[in-house]
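Residues per chain, in single letters:
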Protein chains: 2
Amino acid sequence: MALDDIRVVMVQTTHPGNIGAAARAMKTMGLRRLVLVAPLHFPHAEATAMASGAADILAQAQCVDTLAEAIADVGLAVATSGRARHLPWPHVDAREGGRQLLLESDRHPVALVFGREDRGLTNEELQSCHLHVGIPSDPTYGVLNVAAAIQVLAYELRMAWLEQTAAPAPATPRMPLLNVPWDEELASVGEMEQFFRQFEQVLAEVGFLSVQNPRPMLLRLRRMFLRIRPDRLEHNLLRGLLKDVAKAVRFAKEQD
Amino acid sequence: MALDDIRVVMVQTTHPGNIGAAARAMKTMGLRRLVLVAPLHFPHAEATAMASGAADILAQAQCVDTLAEAIADVGLAVATSGRARHLPWPHVDAREGGRQLLLESDRHPVALVFGREDRGLTNEELQSCHLHVGIPSDPTYGVLNVAAAIQVLAYELRMAWLEQTAAPAPATPRMPLLNVPWDEELASVGEMEQFFRQFEQVLAEVGFLSVQNPRPMLLRLRRMFLRIRPDRLEHNLLRGLLKDVAKAVRFAKEQD
């Protein structure tokens, strides 16, 4: 399954800036094959400007006259569209559409088709595709810019590809609870208990535990510092900090 | 959980067209609250043109001078960023980030922060946020346009919202990131910054910052305490503790 084989087809795009923005959106997600059906202006300086670092995608873009030509050799054509009003057509959301396209991309050429800025795809064009895909949107204003729609679908294709190619086990140590990669080993329970003992001594020395019943307060502090789940380096930092506080305060006591 | 309460913050946007495209991207997904930090040009005809049917979002957009101002009252600030090179920070992908933001959006204000077109967010800005979120992208060209990035994250927010509203809602408020039920409101970003200022003063007073370059150390401490995500009670406890330490040490100084 290769993202760079998946074809993006833009039908009769009016604004060349949208073609450039689409190329950039594709490239950020690892897509490379752009087919333009009868674009109004192409090539165009505005397309190049909006493409930013994706000028190579524009340079390799193919221009054809009709959608039929653009998808003649594909095994799965997916058209972007809201839900069909008259004749229901197989319809999935962007996530499912991305998965389906990727799944079939190693069997035959697949294409993802986007319509005109103002009125999308014609019924005939929609009905030349196997499957319709929609991006869930707000019912009061669902009109995504075409390059923005390409960004979302290209993103879902990449997410599907990452799901498919995901390595079984993460190689890097992870920060527990947050489950993010981490560069240091975490402090052990024993180390944390040493920290808590030292912490409690310091709290007593600065007079923080002079209230009637310090127990609930200590418990809250313990809960807080256990939530940090400090790594070894952070643990040492906290211990060093406590030592400095104790030194500063003991120095005070000696002066009494 | 309401999408229209989630705040999108754009920091020092250079091209007004991107602000307009961002407003449109937001509105298609049901987001409404846009905050602009020191935009180069705003309002601007190009912003309005690119916003298309989302001019109302622009009209209601709020302008402030600094990121700190934009997120002072939020309980969860999420910054868009690639993975941090030097000091790892809690980092999730767009899907997980959308879920987390949505989950917390009914407990306190939440914000999603986007950086400058050319160089994103500064380290300091990144480090003022609890969590970093990245959009998986091609390693050879991962530079999404800022409005395209907003489209993807707004889309993931909507997908998370659709997931959540499909299932029966969890009844109890939950401890964010750890996702456990919680009984207290969390401290806001502004409150935590006050804590950090007080903390730094105390560190200086006890001599902990007397090393050559205290910056990396301070950064590690900041990361640790942001990981706690203290609730209001815990925040007060920490502040009280710092006050007692300062008192004890100042007392020492007076004896000198």
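The rules behind each value
Residues numbered from 1 in each chain as written. Chains lettered and ligands numbered in written order. Predicted model: local features only at pLDDT ≥ 70, side-chain atom pairs only at ≥ 80, totals over all residues. Heavy atoms only, no water. Helix = DSSP H or I, 4+ residues; strand = E, 2+ residues; numbered from the N terminus. Rg over C-alpha atoms; globule rule 2.2 N^0.38 Å. Buried < 20%, exposed > 50% of the residue type's maximum accessible area, 1.4 Å probe, protein only. Contact = heavy atoms within 4.5 Å. Areas by Shrake-Rupley, 256 points an atom, 1.4 Å probe, with all protein chains shown as cover. Lys, Arg positive; Asp, Glu negative; His and termini not counted. Charge placed at Lys NZ, Arg CZ, Asp CG, Glu CD. Buried area = accessible area lost by both parts, 1.4 Å probe. Salt bridge = Lys/Arg side-chain N within 4 Å of Asp/Glu carboxyl O. Phe/Tyr/Trp six-rings, centres within 6.5 Å; stacked < 30°, edge-to-face > 60°. Lys NZ or Arg CZ within 6 Å of the ring centre and 35° of its normal. Polar contact = N/O pair within 3.5 Å; in protein donor to acceptor, adjacent residues only side chain to side chain. Pairing = 2+ DSSP bridges. Axes fitted to C-alpha atoms, helices over the stretch in contact; angles between N-to-C directions. Core = buried A, V, L, I, M, F, W, Y, C linked by side-chain atoms within 4.5 Å. Expected span 1.5 Å × (residues − 1).

## What about the overall build of chain A?
Reasoning step 1: The helix and strand inventory of chain A stands at ten helices and nine strands.
Reasoning step 2: Whereas a compact globule of 256 residues would reach a radius of gyration of roughly 18 Å, chain A reaches 29 Å, over 25% beyond that.
Reasoning step 3: Principal-axis analysis of the C-alpha atoms places the extent of chain A at approximately 90 × 40 × 40 Å.
Reasoning step 4: Within the span of chain A, comprising 256 residues, buried residues form 50% of the whole.
Reasoning step 5: Taking the intrachain contacts of chain A between residues at least 6 apart in sequence as the baseline, contacts between residues at least 24 apart amount to 81%.
Reasoning step 6: A total of about 12200 Å² of accessible surface is found on chain A, and carbon and sulfur atoms cover 53% of it.
Reasoning step 7: In chain A, the 27 positive side-chain charges and the 30 negative ones have mean positions that sit 8 Å from each other.

## Some thoughts on the interface of chain A and chain B
Reasoning step 1: If you look at the interface, chain A gives 69 residues, while chain B gives 72 residues.
Reasoning step 2: Counting the surface lost from both chain A and chain B, the interface buries some 5900 Å², and carbon and sulfur atoms represent 67% of this.
Reasoning step 3: It is Tyr141(A), Arg227(A) and Leu237(A) in chain A that bury the most area against chain B; as a group they hold 12% of the surface buried on that side.
Reasoning step 4: Where chain A packs against chain B, one counts eleven salt bridges.
Reasoning step 5: Of the charged contacts, one joins Glu163(A) and Arg95(B) as a salt bridge, the two residues approaching to 3.8 Å between their closest N and O atoms.

## Concerning unusual backbone geometry
Residue and element names in this part refer to chain A.
Reasoning step 1: Here the amide bond leading from Phe42 into Pro43 is cis, since omega sits at -5°, within 30 degrees of zero.
Reasoning step 2: Residue position: Pro43 is located in the loop between strand E2 (33-37) and helix H2 (45-51).
Reasoning step 3: At Gln12, a position not held by glycine, the phi torsion is positive, near 45°.
Reasoning step 4: Here Gln12 is to be found in the loop between strand E1 (7-11) and helix H1 (16-28).
Reasoning step 5: The residue Ala38 is not glycine, and still its phi comes out positive at about 45°.
Reasoning step 6: Following the sequence through the fold, Ala38 ends up in the loop between E2 and H2.

## Some words on the packing of aromatic side chains
Reasoning step 1: Here the structure, examined in full by the defined rule, presents nine aromatic pairs over all chains.
Reasoning step 2: Pairing Phe195(A) with Phe225(A) gives two aromatic rings, centres 5.4 Å apart and planes at 50°, and the pair type is tilted. Of the two residues, Phe195(A) is situated in helix H8 (residues 189-205) and Phe225(A) in helix H9 (residues 215-228); the sequence distance between them amounts to 30 residues.
Reasoning step 3: Through successive ring pairs, a cluster of aromatic residues spans Phe195(A), Phe196(A), Phe199(A), Phe225(A), Phe195(B), Phe196(B), Phe199(B) and Phe225(B).
Reasoning step 4: A cation over an aromatic ring shows up here: Lys27(A) above the ring of Tyr141(B), its NZ or CZ 5.2 Å from the ring centre.
Reasoning step 5: The ring of Phe196(A) has Arg222(A) lying over it, and the distance from NZ or CZ to the ring centre is 4.3 Å.

## Overview of the side chain of Glu125(A)
All names here are of chain A.
Reasoning step 1: Locating Glu125 in the fold gives a position in helix H6 (residues 123-126).
Reasoning step 2: When its relative accessible area of 14% is taken as the criterion, Glu125 is described as buried.
Reasoning step 3: Only 2.8 Å separates the side chain of Glu125 from the side chain of Arg116, close enough to count as a polar contact.
Reasoning step 4: If near-sequence neighbours (up to four positions away) are discounted, Glu125 is found in contact with Val11, Leu67 and Arg116.

## Digging into the sheet that holds E1(A)
Residue and element names in this part refer to chain A.
Reasoning step 1: Strand order across the open sheet formed by seven strands is E3-E2-E1-E6-E4-E7-E5, with parallel pairing between neighbours. The strands lining the two open edges of the sheet, one partner per strand, are strand E3 (62-64) and strand E5 (91-93). Averaged over neighbouring strand pairs, the angle between their axes works out to 25° when direction is ignored.
Reasoning step 2: Here E1 runs beside strand E6 (residues 110-114); their pairing, made up of four bridges, is parallel. Paired with Val8 across the two strands is Leu112, which belongs to E6.

## A look at the nonpolar core
Reasoning step 1: By size, the foremost hydrophobic cluster in this structure holds 86 residues, and its most contacted members are Leu34(A) and Leu34(B).
Reasoning step 2: By size, the runner-up hydrophobic cluster in this structure holds 50 residues, among which are Phe196(A), Phe199(A), Leu209(A) and Leu242(A).

## Things to note about H1(A)
Reasoning step 1: Under the 1.5 Å per step criterion, the end-to-end length of H1(A) is 19 Å for 13 residues, consistent within 8% with the ideal 18 Å.
Reasoning step 2: A large share of H1(A) lies buried, amounting to 13 of its 13 residues.

## Structural notes on helix H9 (residues 215-228) of chain B
Along an α-helix, residues three or four apart share an orientation, since each turn contains 3.6 residues.
Residues and elements named next belong to chain B.
Reasoning step 1: Compared with the 20 Å implied by 1.5 Å per residue over 14 residues, the 20 Å span of H9 between its first and last C-alpha is a close match.
Reasoning step 2: A large share of H9 lies buried, amounting to eleven of its 14 residues.
Reasoning step 3: Inspection of H9 places Leu218, Leu219, Arg220, Leu221, Arg222, Arg223, Met224, Phe225, Leu226, Arg227 and Ile228 among the buried residues, and these make up the whole buried set.
Reasoning step 4: Looking at the residues trailing H9, positive phi occurs at Arg229, about 50°.

## Thoughts on the sheet that holds strand E1 (residues 7-11) of chain B
All names here are of chain B.
Reasoning step 1: Reading across the sheet, the seven strands line up as E3-E2-E1-E6-E4-E7-E5 and stay open at both edges, with parallel pairing between neighbours. The two strands at the open ends of the sheet, each matched to only one other strand, are strand E3 (62-64) and strand E5 (91-93). Taking each pair of neighbouring strands and ignoring which way they run, the sheet shows an average axis angle of 25°.
Reasoning step 2: Both strand E2 (residues 33-37) and E3 contribute to a ladder of three bridges, which runs parallel. Paired with Leu36 across the two strands is Cys63, which belongs to E3.

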